[in-house]
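Residue-level structural notes
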Amino acid sequence: MIDQNGTTNLSRRGFMKTAAGVATLATVPTLSSRAYAAGGDKIRVGVIGCGGRGTHDSSRCLAADDNVELVAMGDIFPEQVERCRKTLAQRAPGKVKVTDEMCFSGWDAYKQVLATDIDMVILTTPPHFRPLMLKAAIEAGKHVFMEKPVAVDPVGVRSVIASSELADQKGLTIVAGTQMRRISHLVEAVKRVRDGALGEILGGQCFRLGGGMTGWGPQQRQAEWSDMEWQLRRWLFLTWLSGDFIVEMHVHNLDVMNWAIGSHPVQCVGMGGRQQRTDPKFGDVYDHFAVEYEYPNGVRVSYKGAQQDGIAEPHYQRVVGTKGSAELNFGRAVIKGANAAEIGWNEHDPCLTQHADQMAAIREGKRLNEGRQIAESSLTAIMGRMSAYTGRALKWSWAMKASKLDLTPPAYKFGDLAMPPVAIPGRTRLT
Amino acid sequence: MHSDSDVSRRAFIKTSAISAVGLGAAARAHAAGSDTIRVGLIGCGGRGAGAVTQVLQCSDRPVKLWAMGDLFEDQLDKCYRMLSQGAAGRYDRDAFESLSPKMDVPKSRRFVGFDAYQGVIDSGVDVVLLTTPPHFRPAHFQAAVQAGKHVFMEKPVAVDPVGIRMVLAAGEAARRKGLTVVAGTQRRHQNHYIDIMKRVRDGAIGEIRAGQCYWNMGFAWDPFKVPQSPDMSDMEWQCRNWFYMTWLSGDHICEQHVHNLDVINWGIGAPPRQVVGMGGRQARTGPAYGNVFDHFACEFEYPGGVRVASMCKQMPGSAYHVCERLVGTEGQSYTDQAVGFIKDQRGNTIYKYEGPNENPYYQEHRVLLESVRQGGAVNEAQNVAESTMCAIIGRMSAYTGRALKWDWAMKASKLDLRPEQYAFGDLPLDPVAVPGKTSLI
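Residues numbered from 1 in each chain as written. Chains lettered and ligands numbered in written order. Predicted model: local features only at pLDDT ≥ 70, side-chain atom pairs only at ≥ 80, totals over all residues. Heavy atoms only, no water.

Some thoughts on the overall build of chain A
Secondary structure assignment for chain A yields 14 helices and 15 strands. In terms of C-alpha radius of gyration, chain A reaches 22 Å, essentially the compact-globule figure of 22 Å for 431 residues. Projected onto the principal axes, the alpha-carbon positions of chain A cover approximately 60 × 60 × 40 Å. Looking at chain A residue by residue over its 431 residues, the buried ones come to 61%. Summarising the internal contacts of chain A: among those between residues at least 6 apart in sequence, 74% fall at separations of at least 24. (Helix = DSSP H or I, 4+ residues; strand = E, 2+ residues; numbered from the N terminus. Rg over C-alpha atoms; globule rule 2.2 N^0.38 Å. Buried < 20%, exposed > 50% of the residue type's maximum accessible area, 1.4 Å probe, protein only. Contact = heavy atoms within 4.5 Å.)

With respect to the nonpolar core
Counting residues in each nonpolar core, the largest one holds 113 residues, and the members touching the most others are Y293 and L328 of chain A. It is helix α13 (residues 371–390) of chain A that provides the largest number of residues to this core, a total of 9 residues. In this structure, L328 of chain A is in contact with L186, A189, V190, V256, A260, Q317, V319 and A333 of chain A, ignoring residues within four places of it in sequence. One finds A158, Y289, Y302 and L404 of chain B within the second-largest nonpolar core, a separate group that totals 64 residues. (Core = buried A, V, L, I, M, F, W, Y, C linked by side-chain atoms within 4.5 Å.)

Some thoughts on the pairing of strand β8 (residues 267–273) of chain A
All names here are of chain A. By the criterion of burial, β8 is predominantly enclosed, with 6 of the 7 residues buried. Sheet topology note: the β8/strand β9 (residues 288–295) ladder contains 7 bridges and is antiparallel. Residue pairing for β9: G272 is matched across the bridge by F289. One ladder, built from 2 bridges, connects β8 with strand β15 (residues 394–395); its direction is antiparallel. Within the sheet, the bridge partner assigned to Q267 lies in β15 and is K395. (Pairing = 2+ DSSP bridges.)

A look at the packing of helix α11 (residues 251–261) of chain A against α13 of chain A
All names here are of chain A. Relative orientation of the contacting elements α11 and α13 amounts to 115 degrees, with a least axis distance of 9 Å. Classified by the angle between their axes, α11 and α13 sit roughly perpendicular to one another. Where α11 crosses over α13, the two elements pack in a sense that is right-handed. On α13, the residues touching V251, L254, D255 and N258 of α11 are Q373, I374, E376, S377, S378, T380 and A381. (Axes fitted to C-alpha atoms, helices over the stretch in contact; angles between N-to-C directions. Parallel < 35°, antiparallel > 145°, perpendicular 65-115°, else oblique. Left-handed = near helix turned anticlockwise from the far one by under 90°.)

Focus: the sheet that holds strand β10 (residues 299–307) of chain A
Residue and element names in this part refer to chain A. What the 9 strands build is an open sheet, ordered β14-β13-β12-β11-β7-β10-β9-β8-β15; its pairing is mixed. A single partner strand is all that each edge strand has here, and the edge strands are β14 (341–344) and β15. Pairing of strand β7 (residues 201–210) with β10, which is carried by 8 bridges, proceeds in the parallel orientation. Bridging across to β10, G210 finds its partner in Q307. In the packing of helix α7 (residues 184–194) onto the sheet, the strands contacted are β7, β12 (324–328), β13 (332–337) and β14, and the crossing angle to β14 comes to about 150 degrees. Each of β7, β9, β10, β11 (315–321) and β12 is contacted by α11, which is oriented at about 165 degrees to β7, the strand it contacts most.

Things to note about unusual backbone geometry
Residue and element names in this part refer to chain A. At the junction of K148 and P149, the peptide bond is cis and its omega measures out at -20 degrees in the coordinates. Tracing the sequence through the fold places P149 in the loop between β5 (143–146) and α6 (154–170). A positive phi angle is found at E347, which is not glycine, with a value near 70 degrees. Within the element layout of this structure, E347 appears in the loop between β14 and α12 (350–364). Under the relative-accessibility criterion, E347 is labelled exposed at 70%.

Side note on the layout of surface pockets
In this model, the second largest pocket occupies a volume close to 870 Å³. Counting residues per element, the ones that place at least two in the lining of the second largest pocket are α2 (52–63), β2 (68–75), α3 (78–91), α4 (109–114), α5 (130–139) and α8 (227–233) of chain A. (1 Å grid on protein atoms, 1.4 Å probe; cavity = no way out; pocket = protein on both sides within 12 Å on 5 of 7 lines; lining within 4 Å. Points joined across faces, edges and corners; volume = space filled by probe spheres on them.)

Side note on α13 of chain A
Residues and elements named next belong to chain A. With 20 residues, α13 should reach 28 Å at 1.5 Å per residue; the first-to-last C-alpha distance of 28 Å fits that figure. For α13, the buried fraction is high: 18 of the 20 residues fall into the buried class. Where α13 terminates, the next one or two residues include G391, which has phi positive at roughly 80 degrees. (Expected span 1.5 Å × (residues − 1).)

Side note on the packing of helix α6 (residues 161–177) of chain B against helix α13 (residues 381–400) of chain B
All names here are of chain B. Look at α6 against α13: their axes get within 10 Å of each other, and the N-to-C directions meet at 175 degrees. With respect to each other, α6 and α13 are oriented roughly antiparallel. Residue-level inspection shows P161, I164, V167, L168 and G171 of α6 in contact with α13, the latter providing A381, Q382, A385, T388, M389, I392 and M396. Of the residues contributing to the contact of α6 with α13, the split by class is 9 nonpolar, 3 polar and no charged. (Nonpolar A, V, L, I, M, F, W, Y, C, P; charged D, E, K, R; others polar.)

Remarks on empty space enclosed by the protein
According to the stated counting rule, one finds 3 cavities of 30 Å³ or more in the structure shown. Lining the largest cavity we find 14 residues, and of these G204, Q205 and S302 of chain A together with G211 and Q212 of chain B sit closest to its centre. Listing elements by their share of the lining of the largest cavity, those giving two or more residues are β7 and β10 of chain A together with β7 (208–217) and β10 (306–314) of chain B. Here the residues of the lining of the largest cavity sort into 4 nonpolar, 6 polar and 4 charged. Taken together, L209, A306, Q308, I311 and A312 of chain A together with G277, M278, A398, G401 and P435 of chain B make up the full set of residues lining the second largest cavity. Per-class residue counts for the lining of the second largest cavity are 7 nonpolar, 3 polar and no charged.

Shown next as structure tokens:
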């Protein structure tokens, strides 16, 4: 046991290195059997990005394991850190050990959190920052739980893949917040699909039409807020920050399609626009997208997503094969045709499972790295958005290897930052 | 022969029809094959000029343009001049020499205004070509059938469910009367489409499980060529820019994409049961573009849970993609304007149509004239009405954000885009639709 409160970063690192070496010698199970072979050591967690999702993920992480504690927190805005700390202290009493000195804010808060002696970090800022922070976290030797999506542009996707490869080299785990992958009925249904319950897969649909989210975030800009602050506080509606809703939210649904089909798409053609959510306070994001994704072997998936109030709200993932079809939904999975089955929700919270899986892997020194998988699902969504914004058809290989799209602003600082124009297909350039 | 008076001509037709009844069909005027067929053109724009050159040139049998009608005199004159002088080709029309030898359209049989169609119908023609903007089709078709005329009508054939019901009723009346009705869904008369669709229907791709169809393109037509001058009424400006007014064109999903939806209906053999659509205008946003959208994406669900994804857009610079695909348990069919083929599960092309491919615009008019002469009573009204209805419900779903059932739209929708009156004057345009706000009617 180690009393982390009393150790310096250096000494803790020294311990981990030693422990890893011992574990390797003792059991030789894998390269990376690390500090937790005994299963009793506390896992010390930091969170970067203390908004609603950061709060939720932290609380799930703390609930998923008896021997875990939150010790460091960072956010660009100090009041978010404070609110999150208070909430978590209520939700996970005894597990929130975040002193004032371990609360960081500002642009460099992530560096400060990563400089502490945490073992694992939860990355829950707006998606724009994920590639940067993942890279820093892996370089700092931290295990990473990161929320989806993990990038907003192909440059970011490539960075995430590179960091994931580095994580493997360093024996670090990466889990992504695509919790659909851990819903038991989906795990079972996808297994059946992959084992041929539908015969050969012919196509699919991925629908998520729903409300406009217009009440989200501060509605009024305060006088002292710079452009940058206004955009950060409204990040959901800024493509450079959120990736647009196809990326920010619907990556979940597209991830299920990639999972069930067993591949990312090879090309796509999309369309979209903003027809209802047109007020300037909704930044530059669209309110509807329709993208056709073509997977290997001519399998075509029709994706439709919308965030508009008062519309029909179909929400499902469906795969069609030669022998039947499968609906792979949050509440249940239904397979029709030759291998008909209905698999229901077992009431287990997949957000707990994902953290439990990760902490078990950390303790057992097992490889668990979802970095590439979530990077690919993020790129699936990103290329759909790029196609819709520009009106152009896109190939995966081009987006993955050649696209230079990089939505990073000129500087990360509070100050002037022009609101980006809403994309116009045919005029917005493909980069 | 066409010097006969109308009365004697009608008598001839009637006699022929009666004598043909003995042959077992509702054969009509032209069973003998010797009489000249008189054609009336209603709608003298680009498509009208194309259709009339095609009907006049598609066969060696005697055909004459007998009457012309349009809302605008200048448009009618321009069309008359073009037909007399010849013109260059375009996407739906070959270049042609003067057609004067096949024209007999004195001023007295050139009709202008909102009632022009009735003048043409009543002028002693056997066949009318209905090529006005789609809005007017139901009324014109109804009047033509009522007057006992054979009909060629361009797609789409309506812009709203009320119009669809009129077309279906008139189509039924045409069937009872043994009249020929050919629609301008020319893919139905294109060899490679006929061949591939027959194979699909015969099971070449197994059971159909899915499909896709698209009309994604760039530039459509320039609305700025007819700016609204201060003395031009709303009605005139809208009619001259009909393409951009939903009440006139049905929007481009209806006006253009109906072709692809028609092929899907043809391959599957039934209309869809329901639709969820979305769309908007993101590139064509100024007032010159009326109130149409510039993109639509719809999912049509057919019997047996078969889902077809449809996409159409008209956005400058957009990727061009116009085709149809049906996905079955044993393969996929692919069709576009140039080719048709069938692939197996592994993506190998197992069949490709290599036969002759006649110009489908000529073929459809040959079918029309043959049916008129032989009393074949070809009647495509229901097919084209159903395909048009697909497009209409797709648009209605996209405009309102609501999911729609075919049966509801067919039986209960009260959407009727007709203006209060057909007169040149003020006519406020409906605002551009906003999903979730525009109400479903």
